[in-house]
Amino acid sequence: MTEHLIRAEFPTIENLKGQRPDDIYTADCIATGTQVDRYDLYCYRLAVHYADYERQLPEGKTNWWDWKN
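We now turn to the structure provided with this report. Computed from a predicted model, the values in this text were never measured in an experiment. (Residues numbered from 1 in each chain as written. Predicted model: local features only at pLDDT ≥ 70, side-chain atom pairs only at ≥ 80, totals over all residues. Heavy atoms only, no water.)

## A short note on the overall build of the protein
Move 1: From N to C terminus, the protein includes four helices and zero strands.
Move 2: Starting at the N terminus and walking to the C terminus, you meet the elements of the protein as α-α-α-α.
Move 3: Against the compact-globule benchmark of 11 Å for 69 residues, the protein has a radius of gyration of 11 Å, which places it among compact chains.
Move 4: The dimensions of the protein, computed from C-alpha atoms along their principal axes, are 35 × 25 × 15 Å.
Move 5: Sequence separation of 24 or more characterises 40% of the internal contacts of the protein that already satisfy a separation of 6 or more.
Move 6: As displayed, the protein has an accessible area near 4600 Å², and 48% of this comes from carbon and sulfur atoms.
Move 7: Across the protein, the 8 positively charged side chains and the 12 negatively charged ones have centroids separated by 4 Å. (Helix = DSSP H or I, 4+ residues; strand = E, 2+ residues; numbered from the N terminus. Rg over C-alpha atoms; globule rule 2.2 N^0.38 Å. Contact = heavy atoms within 4.5 Å. Areas by Shrake-Rupley, 256 points an atom, 1.4 Å probe, with all protein chains shown as cover. Lys, Arg positive; Asp, Glu negative; His and termini not counted. Charge placed at Lys NZ, Arg CZ, Asp CG, Glu CD.)

## Quick word on the pattern of salt bridges
Any two side chains of opposite charge can pair, so long as their charged atoms come close to each other.
Move 1: For the structure shown, the criterion picks out four salt bridges.
Move 2: With its nearest N and O atoms 3.5 Å apart, the salt bridge here joins Asp 28 to Arg 7. Here Asp 28, found in helix H3 (residues 21-32), pairs with Arg 7, found in helix H1 (residues 2-7); they are 21 residues apart in sequence, far enough to count as distant.
Move 3: Overall, Arg 7 belongs to the partly exposed group, its relative accessible area being 35%.
Move 4: Via salt bridges that share partners, Arg 20, Asp 22 and Asp 23 belong to a single interconnected network. (Salt bridge = Lys/Arg side-chain N within 4 Å of Asp/Glu carboxyl O. Buried < 20%, exposed > 50% of the residue type's maximum accessible area, 1.4 Å probe, protein only.)

## Observations regarding helix H4 (residues 38-52)
Move 1: Under the 1.5 Å per step criterion, the end-to-end length of H4 is 22 Å for 15 residues, consistent within 8% with the ideal 21 Å.
Move 2: Where burial is concerned, most of H4 is hidden: eleven out of the 15 residues are buried.
Move 3: For H4, the set of buried residues is Asp 40, Leu 41, Tyr 42, Cys 43, Tyr 44, Arg 45, Leu 46, Ala 47, Val 48, His 49 and Ala 51.
Move 4: Check the buried side of H4 and you find it contacts H1, helix H2 (13-16) and H3.
Move 5: Here H4 starts with a cap whose side-chain oxygen sits 2.8 Å from the backbone nitrogen of Tyr 39, and that cap is Asp 37.
Move 6: Positive backbone phi, approximately 50°, marks Glu 54, located one or two places after H4. (Expected span 1.5 Å × (residues − 1). Polar contact = N/O pair within 3.5 Å; in protein donor to acceptor, adjacent residues only side chain to side chain.)

See the structure below:
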């Protein structure tokens with residue numbers, strides 16, 4: 001996921017603050033030149049929350065699959 005975030009121009013946790021996970025997913029798809037797996041979007045949801053809330057995650061939402069639709 002680190003490589004995906006760097007490629008999409010979000011190389012640090014600080015860069016994720018205030019971002020929309022859907023926009024990060026779109027940037028990743030554009031940078032890759034193809035649609036990436038939807039599980040990446042769920043990881044971006046987790047990562048943005050982690051960045052926005054002082055590196056804390058809600059109880060019961062510590063895995064990427066906890067952030068699916």
